[in-house]
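Examination of the molecular architecture
Each chain is listed here by its residues.
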Amino acid sequence: MPDITIALSKGRIFEDTIPFLEAAGIIPQDDPDTSRKLIIETNRPDVRLVMVRATDVPTYVQYGAADLGVAGKDVLLEHDGVGLYQPLDLKIARCHMMVAVRDGYDYASAVFQGARLRVATKYVKTARSHFAAKGMHVDLIKLYGSMELAPLVDLADAIVDLVSTGGTLKANRLQAVEEIMPISARLIVNQAALKLKNPTIQPLLEAFNAAIPANV
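Before going into details, it helps to say that this report is about the structure given with it. Since we're looking at a predicted model, the values are computed, not measured. (Residues numbered from 1 in each chain as written. Predicted model: local features only at pLDDT ≥ 70, side-chain atom pairs only at ≥ 80, totals over all residues. Heavy atoms only, no water.)

Section: the pairing of strand β11 (residues 185-190)
Definition in use: To sort residues, take the accessible area from a 1.4 Å probe on protein chains only and compare it with the maximum for the residue type: under 20% means buried, over 50% means exposed, and anything in between is partly exposed. Numbering of helices and strands starts at the N terminus; helices are DSSP runs of H or I of at least 4 residues and strands are runs of E of at least 2. The rule for pairing is simple: two strands pair if DSSP sees at least two bridges between them.
For β11, the tally of buried residues reaches six of six residues, placing the bulk of the element in the interior. Burial along β11 is two-sided: A185, L187 and V189 and R186, I188 and N190, pointing in opposite directions, are all buried. Of the strand pairs in this sheet, strand β4 (residues 68-72) and β11 are connected by five bridges, and their pairing is antiparallel. Each bridged residue has a counterpart across the sheet, and for V70 the counterpart in β11 is L187.

Here's the deal with the environment of L140
Where we set the bar: Here, residues are in contact when the closest pair of their heavy atoms is within 4.5 Å.
For L140, the position within the fold is in strand β8 (residues 138-142). L140 sits in the partly exposed class, given a relative accessible area of 25%. Note: C-alpha distance between L140 and T59 (81 residues apart in sequence) is 24 Å. Discounting chain neighbours no more than four positions away, the residues touching L140 are V119, V124, A127 and R128.

Brief notes about the pattern of salt bridges
It is possible for side chains bearing opposite charge to pair when their charged atoms get close. Going by this rule: Any Lys or Arg side-chain nitrogen found within 4 Å of a carboxyl oxygen on Asp or Glu counts as a salt bridge.
Applying the stated rule across the entire model yields eight salt bridges. For D30, the salt bridge is made with K37, and the minimal N-O distance between the two is 3.3 Å. In this structure K37 comes out as partly exposed when scored by relative accessible area, which is 45%.

Some points on the packing of aromatic side chains
Operational definition: Stacked, tilted and edge-to-face are the three classes assigned to paired rings of Phe, Tyr and Trp, where Trp is represented by its six-membered ring and a pair needs centres within 6.5 Å; plane angles under 30 degrees give stacked, over 60 edge-to-face, the rest tilted.
Counting across every chain of the model gives one aromatic pair. Summarising the aromatic geometry, the rings of F20 and F208 are spaced 5.6 Å apart at their centres and angled 35° between planes, so their arrangement reads as tilted. Of this pair, F20 sits in helix α1 (residues 12-23) while F208 sits in helix α9 (residues 198-211), placing them 188 residues apart in sequence.

Laid out in structure tokens, this is it:
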């Protein structure tokens, strides 16, 4: 069995992680976008990749099923993070956690008047912390997708979601009204593995760190 297991998710994070893997001398032997394999061998016999859902990456690392992983800050904020070390912000998969409402909705007045808002999101912990810090009372509605639909059918007054270009909001007649925080992907490491496998993991951390884009 390979000494090091790295948990990744398909899509943008995997694609953006390739330069970091290459910097560490790691080349996947299969393309997860075309392969059905969940365990991807690499050119290094001591390193393998496991492909999991983005929201599951912290869990695999936390419980030691993977030694390292790459996960978005949005996912990590919703995870309890016990047993995880987050040494590097890789500055990839960048976007913003935003509050958005339908066009014409006066969010500023609603906040000023202390209105109790219905907010749809899959980022419940993040949303709760944000509105609590503002002293706002909100009813949070947990959704798993198609967040933009909620204000359009009066399920919610606002949404909390990730926004990259804003194109999806605009196409659905929504507008971002408040930024909660910038989001990017982090390298996460199992704390026990960092101690027990340090001679192998430390060079990976150094290679990843050297590959972080400058001036981003």
